[in-house]
Amino acid sequence: MKNRKILSLLLTGAMTAALLAAPAQAAETPPIRVSSYKGNTLEVGERSGLVIGPSGMDYIVTSSDPDTVAVEQITGFWVAVAKSEGTAEITAANRAGVSGTLTLTVGSANAPASPDSAIQPDNMEIRQELIRLINQTRKANGVSELPVSEALMNAAQVCSNRRYTWHHSQEECQAAADAGYPYGFGDNLTVFTGTEDAAQHALDNWINSPGHFHTMIDPACDCIGVGVTQHDGITYCFMFVGIPNSVNFYA
């Protein structure tokens, strides 16, 4: 009996060792996506924010030729700065060493627009300014600034393009799910007449509405996306803020 017990213990130890020795299946690492607010072609002296996904990670961003395109980090955002004519590759890498790239071409300010430069995301300068103002407001109210989520940027723009004048909860949730954002979120909508100073106008409307203001400075949020559409002199603005560990029931 004693020998059997020893043999049993040896077998158990061998099985444990085999299990420990078995290689763990590596979790699939999502690809890193890098895009530019203003498209792939910039003019000398132009600046463009970078959208890097998945959101919620820390990235190191570098340029293959800083004399052509430099990169700067400003209040949590990465920005490409066109310095001189030429081409540079922008690389964003996470701590695990996974990276994604974007090729930017810089042309003369007087050169004809290339086909790539004509394909610009909708109202991106206004959207970038709105994000800056929202993060400035969050910081002033003692909460952290939010990184841009590519998925929420796309979802918010889909909703603003539909020119909603009131919330359509199911459609908004579906837009976020379709864009690839897997969690719940908070969102603000504002619609107003006029197109001048649109980012500041939207921010002021949300600051002056207690419910919208609370959503904008919610400390539970971890990323942001905004959409802006201007049509027939009317401006439609959406803000989506991601809330991790919450559920989108339409996802």
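None of these values were measured; they are calculated from a predicted model.

Each value, and the rule that gives it
- The numbering scheme is per chain: residues are counted from 1 as the chain's sequence reads.
- Residues qualify for local features only when their pLDDT is at least 70, as the model is predicted, and side-chain atom pairs are given and counted only at 80 or more; totals for whole chains, interfaces and linings, by contrast, use all residues.
- To get the side-chain values, all heavy atoms of the structure are used, and hydrogens and water are removed first.
- Whether a residue is buried, partly exposed or exposed follows from its accessible area with a 1.4 Å probe, protein chains only, as a fraction of its type maximum: under 20%, in between, or over 50%, in that order.
- Elements are defined by DSSP. Helices are runs of H or I of four residues or more, strands are runs of E of two residues or more, and each kind is numbered from the N terminus.
- Note that the arc is computed from the directions linking the helix axis to the C-beta atoms.
- In this analysis, two residues are considered to be in contact whenever any of their non-hydrogen atoms come within 4.5 Å of each other.
- Take a side-chain nitrogen of Lys or Arg and a carboxyl oxygen of Asp or Glu: if they are within 4 Å of each other, that pair is a salt bridge.
- Pairing between strands requires that DSSP locate at least two bridges from one strand to the other.
- Every angle, taken between N-to-C directions, lies between 0 and 180 degrees, and every axis is a line fitted to C-alpha atoms, over only the stretch in contact when it is a helix.
- Patch membership requires more than 30% relative accessible area and the absence of a salt bridge. Residues of like charge join within 9 Å; the nonpolar side chains Val, Leu, Ile, Met, Phe, Trp and Tyr join within 5 Å.
- To measure how exposed things are, a 1.4 Å probe is used in the Shrake-Rupley method; for residues, cover is taken only from the protein chains shown.
- Polar contacts, as used here, are pairs of N or O atoms within 3.5 Å; protein pairs need one atom able to donate a hydrogen and one able to accept it. Residues neighboring in sequence count only if both atoms are side-chain atoms.

### Things to note about helix α5 (residues 169–179)
The set of residues buried in α5 consists of E172, C173, A175 and A176. Taken around the axis of α5, the buried residues stretch over an arc of 155°, which confines them to a single face. Here the buried face of α5 lies against α4 (150–161), β9 (184–193) and β11 (234–243). The positive-phi residue at the C-terminal boundary of α5 is G180, with phi of around 105°.

### Structural notes on the pattern of salt bridges
If you walk through the whole model with that rule in mind, you get four salt bridges. Among the ionic pairs, E150 bridges to R33, the shortest N-O distance being 2.5 Å. Here R33 lies in strand β1 (residues 33–36) and E150 lies in helix α4, a separation of 117 residues in the sequence. The exposure class assigned to E150 is buried, which follows from its relative accessible area of 18%.

### Considerations on the sheet that holds strand β7 (residues 86–93)
One open sheet accounts for four strands, arranged β2-β8-β7-β4; its pairing is mixed. Of all the strands in the sheet, just β2 (41–43) and β4 (60–63) have a single pairing partner and so form its edges. Ignoring which end each strand starts from, the neighbouring axes of this sheet average 30° apart. Note that β4 and β7 share four bridges and pair antiparallel. The residue bridging T62 from the neighbouring strand is T91, located in β7.

### What to know about a nonpolar patch on the surface
A cluster of nonpolar side chains, V247, F249 and Y250, forms an exposed patch at the surface whose accessible area comes to about 370 Å². One can find V247 in the segment after β11. Given the relative accessible area of 56%, V247 is considered exposed.

### Overview of the sheet that holds β9
The sheet built from three strands is open, its strands ordered β9-β11-β10 with antiparallel pairing. Edge strands, defined here as strands with exactly one partner in the open sheet, are β9 and β10 (223–231). With strand direction ignored, the average angle separating the axes of adjacent strands in the sheet is 15°. As paired strands, β10 and β11 are joined by nine bridges and run antiparallel to one another. In the sheet register, C223 faces β11, and the bridge partner there is G242. Its contacts with the sheet put α4 on β10 and β11, and the angle it makes with β10 is roughly 25°. Seen against the sheet, helix α6 (residues 198–207) touches β9, β10 and β11 and runs at an angle of roughly 115° to β9.

### Details of the environment of T68
If you trace the backbone, T68 turns up in the loop between β4 and β5 (69–74). The spatial distance from the C-alpha of T68 to the C-alpha of V44 is 8.8 Å, given a sequence separation of 24 residues. Once residues lying within four places of it in the same chain are set aside, the contact partners of T68 are V81, A82, K83, S84, E85, G86, T87, A88 and V106. Among the polar contacts made by the side chain of T68, one reaches the side chain of D65 at a distance of 2.7 Å.

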